[in-house]
Each structure stands twice: as C-alpha cells, then as structure tokens.
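Next come the chains, spelled out residue by residue.
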Amino acid sequence: SSNHYELLSDSSRGSGGKYTVSSAALNHTRVYVCRAEREKTAYKTPYSNTQLLWVTGVSPPVSLIISPSRSQHFTSVSLSLSCEDKSNSDGWTVRRYTDSRGLEDCSSSAFGSQTGSTCTIGSTRISHTGVYWCQSESGEKSHPVNITVHFLQCVHPVTEGDNLTLHCLDQNKTLSNLRADFYKDGSLIQSQTTEMIIPTVSKSHEGFYYCKHPEREESPKSWISVRGSHSDSQISVLNILSSVLAACPYLLVTVVLIYKCCRMRVTSVEEEETSI
C-alpha cells in the first residue's frame, strides 16, 4: 500500500543506513523505503522516496510495449501499453505501482481501460508516473518499465546552428550565482555550474532538460525542440521562387495561345454573321 509499509523483521537501527537482501528471490520483489528514528523519543522522519526492487528468474516470455515508444511523456496525451508474447498474448494484464495510488490493474477506473492484452490511458497525468509491467494469471511478470509524466513547459524551438544558454533560477527568478547540475533526459551532462552553454545546436540536443541544486528541489523539466537551420529555410524559399520563375515563360505562352484562340473564334463568328 502507498500509505502503509511493513517493517522488515531483520532490519535494525544503527546499521549505518544499510540493509542487505541475502539470496535474492522472487518474493523480494517489493517497493522499499526507509526512515530515521530518534532513540529516546517517538519522533520519526517522513518516509524516503520509494525504490522498486525487481527480482526475476528466467527471461520472461512477454514484453510490455509502450506507444508512443518512450519512457517520458507529457500530460493530457493518450498512451497505449500492450503485452506482447512470443506465443500467446492472451491472459496478460497490465499492472502498475505509483506512489499516489499504490498497486493497480489497468481495469481500475483511475488507471485506464484494457481490451485484450492492450491497456489504454486516455489522458495522462502527473500521477501516472510509476512502474508498469505485464502479469499473467499464474503470476508471471514481464520486465518492469518506468514511465514518467511531465507538465509541458513552453519552450520556443531552437534553430539548428544557433547558440543555446540554459540558466538555473531560484524561486525569485534570479541567478544569484547558483551552482547547479544540469540534466538531459535524466542523465547528468554538466555539474556545478551557474549556466550551461551549447555553442552549436543540432537535432541530437532535443530532449527534456532540468537542473538540480544539492540543497534545493530540482527544477521542472522543459522540452527543447530543434528546427531546421536558417539556410534550409532560405534554400526552400529560393527553390519555390526559382520554380515559379521557371514556370513563368510557360504560363505566359499558355495565356498568349488562349488569347489568340479566343480572338480567332470571335473573328470567325463575325465573318459568318457578315456573310449571312
């Protein structure tokens, strides 16, 4: 349950903040947390962040396929999760664990709707961030997949070849010489700097960016998109202009021919009327 955790019988205080799982087995697949407690008072700290420990045996026969195929998604989009078995995809259920609601099947009203072996989430929310997997009636499980849902941070697209500077701001929107770590798609790319500079942006720089300070919360994640270079745009405009100019003589000749044909018809009609 997300609101209650069972104390491990062989865990003990004063162990230096460490716990060892001996001879890992399938039943050790659990969500683990820790918290500190004073010896002489009843005061306890809040629980730590959750950590899923996933223990598998042989390679599972089924895989969880996500569409769109990525682990990080925006809010208010549709998400499809399918269990694909090499032999038979029937009998598999999509399950998940989230910090907000604990363990759920896809059939839950707060989760989504399942048809066959496919689970559909109509509109993603931040609370859908969690661990997802396929599970059979007999208890077999696929490998877990972490899915993260972010609010869409509005960022103007960057043009290929431009310089890009990222700043890490505090709550007052000031720099204040804040030395922070910068991340892209969850991977550390620059540490302990006041700003991050990308001198020549390319398509490979697209992704989620955020910063984190050791003594503060991490910033919201922002999506940076990269569009084609100015030269590509100029070439496209020149191509259009050149195509129009190349077509102009043909258009002019066509107009002249049509005009002459019309004049010939009018002249022919006039001559017939005169003869009559």
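Residues numbered from 1 in each chain as written. Predicted model: local features only at pLDDT ≥ 70, side-chain atom pairs only at ≥ 80, totals over all residues. Heavy atoms only, no water.

As annotated in an unreviewed UniProt entry, the chain carries the name Ig-like domain-containing protein and comes from Culter alburnus.

Draft legend 1. Fine view of the sheet that holds strand 8 (residues 113-115). With antiparallel pairing, four strands are arranged side by side in an open sheet as 3-5-9-8. Here the strands that pair on one side only, and so sit at the sheet edges, are strand 3 (62-67) and strand 8. Strand-to-strand twist across the sheet, computed as the mean angle between neighbouring axes with direction ignored, equals 20 degrees. Taken together, the four bridges between strand 5 (residues 79-85) and strand 9 (residues 118-121) define a ladder with antiparallel strand orientation. From the neighbouring strand, Leu-81 faces strand 9, where its bridge partner is Cys-119. (Pairing = 2+ DSSP bridges. Helix = DSSP H or I, 4+ residues; strand = E, 2+ residues; numbered from the N terminus. Axes fitted to C-alpha atoms, helices over the stretch in contact; angles between N-to-C directions.)

Draft legend 2. Seen up close, the state of the cysteines. For the coordinates displayed, the defined rule picks out three disulfides. Here Cys-83 connects covalently by a disulfide to Cys-134, the sulfurs 2.2 Å from one another. With the S-S bond torsion at -100 degrees, the cross-link from Cys-83 to Cys-134 turns out left-handed. Of this pair, Cys-83 sits in strand 5 while Cys-134 sits in strand 10 (residues 130-136), and the two are 51 residues apart along the sequence. Each member of the pair, Cys-83 as well as Cys-134, carries the same accessibility label: buried. A sulfur-sulfur distance of 1.9 Å marks the disulfide that ties Cys-106 to Cys-119. Across the S-S bond linking Cys-106 and Cys-119, the dihedral sits near 85 degrees, which makes this disulfide right-handed. A residue pair is termed long-range when its members are at least 10 positions apart, and Cys-106 in the loop between strand 7 (102-105) and strand 8 and Cys-119 in strand 9 qualify at 13 residues. Judged by relative accessible area, Cys-119 falls into the buried class, the value being 0%. The cystine pairing of the chain, numbering bonded cysteines in sequence order, is 1-4, 2-3, 5-6. (Disulfide = S-S within 2.5 Å. Buried < 20%, exposed > 50% of the residue type's maximum accessible area, 1.4 Å probe, protein only.)

Draft legend 3. Examining the pattern of salt bridges more closely. Using the criterion set out here, one finds five salt bridges in the structure. Between Arg-96 and Glu-104 there is a salt bridge, with the nearest N and O atoms lying 2.8 Å from each other. Of the two residues examined, Arg-96 and Glu-104, each falls in the buried class. Between Asp-185 and Lys-184 there is a salt bridge, and its shortest N-O distance comes to 3.2 Å. Among the residues examined, Lys-184 registers a relative accessible area of 18% and is labelled buried. Among the ionic contacts, a cluster of salt bridges with common partners joins Arg-96, Arg-101 and Glu-104. (Salt bridge = Lys/Arg side-chain N within 4 Å of Asp/Glu carboxyl O.)

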